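Remarks on the overall topology
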Amino acid sequence: MKTIIILGGGVGGIITANELSNRLNGEHKIILIEKYKEHTFAPSYLWLMNGDRRKKQINVPLKSLMKKNIEVVNALANEIVPAEQKVKAGEKEYHYDFLVIALGADLAPEKIQGWDESIHTFYTCEGAVKLNETLKDFAGGKVAIVIASMPYKCPGAPHEGAMLIEDFFASKGIRKKVGIDLFTPEPQPLPVAGPELGSAVKAILDKKGIRFHPLMQLSSVDTKSKQLLFNGKVPFEYDLLIVIPPHQSPAVIRNSDLANANGWIDVNTASLQTKYENVFAIGDITSIPLPGRWVPDKPMMLPKAGVFAHIQADVVAKNIVKKISGENAREKFCADGYCMLEAGEDLAGFAYGDFFGVPHPQIHLKKIGKKWHIGKVLFEKWWLSPIGIKKLFYKNLLQFQY
Ligand SMILES: Cc1cc2nc3c(=O)[nH]c(=O)nc-3n(C[C@H](O)[C@H](O)[C@H](O)COP(=O)(O)OP(=O)(O)OC[C@H]3O[C@@H](n4cnc5c(N)ncnc54)[C@H](O)[C@@H]3O)c2cc1C
């Protein structure tokens, strides 16, 4: 009997564990270690922010999403020792034959110089709830949305957030009293998705009167005078500040020799195996270069997105099963990604294509429409359904569409 340990019960961890359970028929031990008892669906934070969802609608017990024969351990993983094939979580040690690391990315707002509690974010559940209250009371003024640094999860989300905020104030009848400015250190919207999608998103932002400011690296915030300071640029005064905080890998990885110089985990792009045999990493914790893409002197990385965590989980689960049965592990990750891009007014676009495309990713945007918004809502419902009734849903139709 083999033991497979999965660290992290988010998108990648849930899919890996359930796929393994589907294929191993209870003959091997599957342990999933996750620090929280509840699972929250991050793409819905945007709807929490604009009031379309309540917190309890997007939080479910993690166990309700897991197949019965998976052992779910509610503990903080605090050490990984590949040489001894063991991990420590809470006070206990667990030995594995296969390890899948799906620990995601942590937020580190404290890395912003001048950070304090007056600064908002819709990148956490609590942050989105708090921002909703503030938006309801906001009577007009300058709203600044700032991407503090790269990498960050879901390259579409800051732009979706800006568009939903625009729609929120339009519905409230005060759009003319609100300025919305989106700042990013990047040269265009979603550079990881290539020039076609960037231009399309910029055109939508322009149409909605959302001012897009590229190449703006935030250096500090002065919350007393409400000023944003960017390297070598004119300061910007705001009334309401919303930040996409810096991201970092969880401490257990930063303190291990699995971390590269930036703290993320390098993997074999096809198999997702780390430098250790039978230790895999998937999702936001990984660092996967896009072929031939540079920013400007270092490689551009595959975006941190649930759709990739999901596909990678599938690849790794299938390969582990093959390895256990002594067959060739031939599944390979290919970076065909999808995203429904919320645009306000219950409309969304559908971006899709090959993120490994050369000379740059070939991502196209289908015309904005109601059906993509409905698709995103249906996916959310499917994702959060208990495992027992999930199968009855439209799994085949929607499984890779976020
Ligand atoms: C506002 C927002 C909107 C988004 N929209 C989209 C979208 O539309 N489409 C899309 O594809 N992606 C979207 N994403 C990104 C998506 O949510 C992530 O890319 C995805 O969740 C990554 O999956 P993961 O398994 O790598 O990490 P996660 O889902 O973050 O899971 C990591 C898990 O590890 C746990 N963990 C961390 N450290 C420890 C530890 N030491 N011990 C035990 N457990 C630990 C965490 O609690 C977490 O449950 C969005 C993200 C945000 C914030």
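We now turn to the structure provided with this report. (Residues numbered from 1 in each chain as written. Predicted model: local features only at pLDDT ≥ 70, side-chain atom pairs only at ≥ 80, totals over all residues. Heavy atoms only, no water.)

1. Quick notes on the layout of surface pockets
Taken as a whole, the second largest pocket encloses approximately 890 Å³ of empty space. Along the walls of the second largest pocket sit 38 residues, with Met150, Pro151, Val295, Lys298 and Met301 positioned nearest its centre. Sorting the residues of the lining of the second largest pocket by element identifies β18 (247-248), β21 (286-287), β22 (289-294) and β23 (299-301) as the ones contributing at least two each. For the lining of the second largest pocket, the class distribution of residues is 21 nonpolar, ten polar and seven charged. (1 Å grid on protein atoms, 1.4 Å probe; cavity = no way out; pocket = protein on both sides within 12 Å on 5 of 7 lines; lining within 4 Å. Points joined across faces, edges and corners; volume = space filled by probe spheres on them. Helix = DSSP H or I, 4+ residues; strand = E, 2+ residues; numbered from the N terminus. Nonpolar A, V, L, I, M, F, W, Y, C, P; charged D, E, K, R; others polar.)

2. Comments concerning empty space enclosed by the protein
Think of a ball as big as a water molecule: rolled over the atoms, this probe shows where empty space is left. Inspection of every chain in the model, using the stated rule, returns one cavity of 30 Å³ or more. Taken as a whole, the largest cavity spans an internal volume of roughly 60 Å³. Gly283, Asp284, Thr286, Ile288, Leu302, Pro303, Lys304, Ala305, Phe308 and Gln312 together form the lining of the largest cavity. A per-class count over the lining of the largest cavity returns five nonpolar, three polar and two charged.

3. Here's the deal with the side chain of Glu186
Positionally, Glu186 belongs in the loop between β12 (178-183) and α6 (195-207). Taking the relative accessible area as the measure of exposure, Glu186 reaches 3% and is therefore buried. For Glu186, the side chain forms a polar contact with the side chain of Thr184, separated by 2.5 Å. Aside from chain neighbours lying at most four places away, what touches Glu186 is Ile147, Met150, Tyr152, Pro191, Pro214 and Leu215. (Buried < 20%, exposed > 50% of the residue type's maximum accessible area, 1.4 Å probe, protein only. Polar contact = N/O pair within 3.5 Å; in protein donor to acceptor, adjacent residues only side chain to side chain. Contact = heavy atoms within 4.5 Å.)

4. Here we look at the packing of helix α4 (residues 125-137) against helix α5 (residues 157-172)
It is the contact of α4 with α5, at a shortest axis distance of 10 Å, that shows an interaxial angle of 35 degrees. Between α4 and α5 lies a crossing whose hand is right-handed. For the pair α4 and α5, contact is made by Asn132, Leu135, Lys136 and Asp137 and by Ile165, Phe168, Phe169 and Lys172, respectively. Classifying every residue of the contact of α4 with α5 by side-chain character gives four nonpolar, one polar and three charged. (Axes fitted to C-alpha atoms, helices over the stretch in contact; angles between N-to-C directions. Left-handed = near helix turned anticlockwise from the far one by under 90°.)

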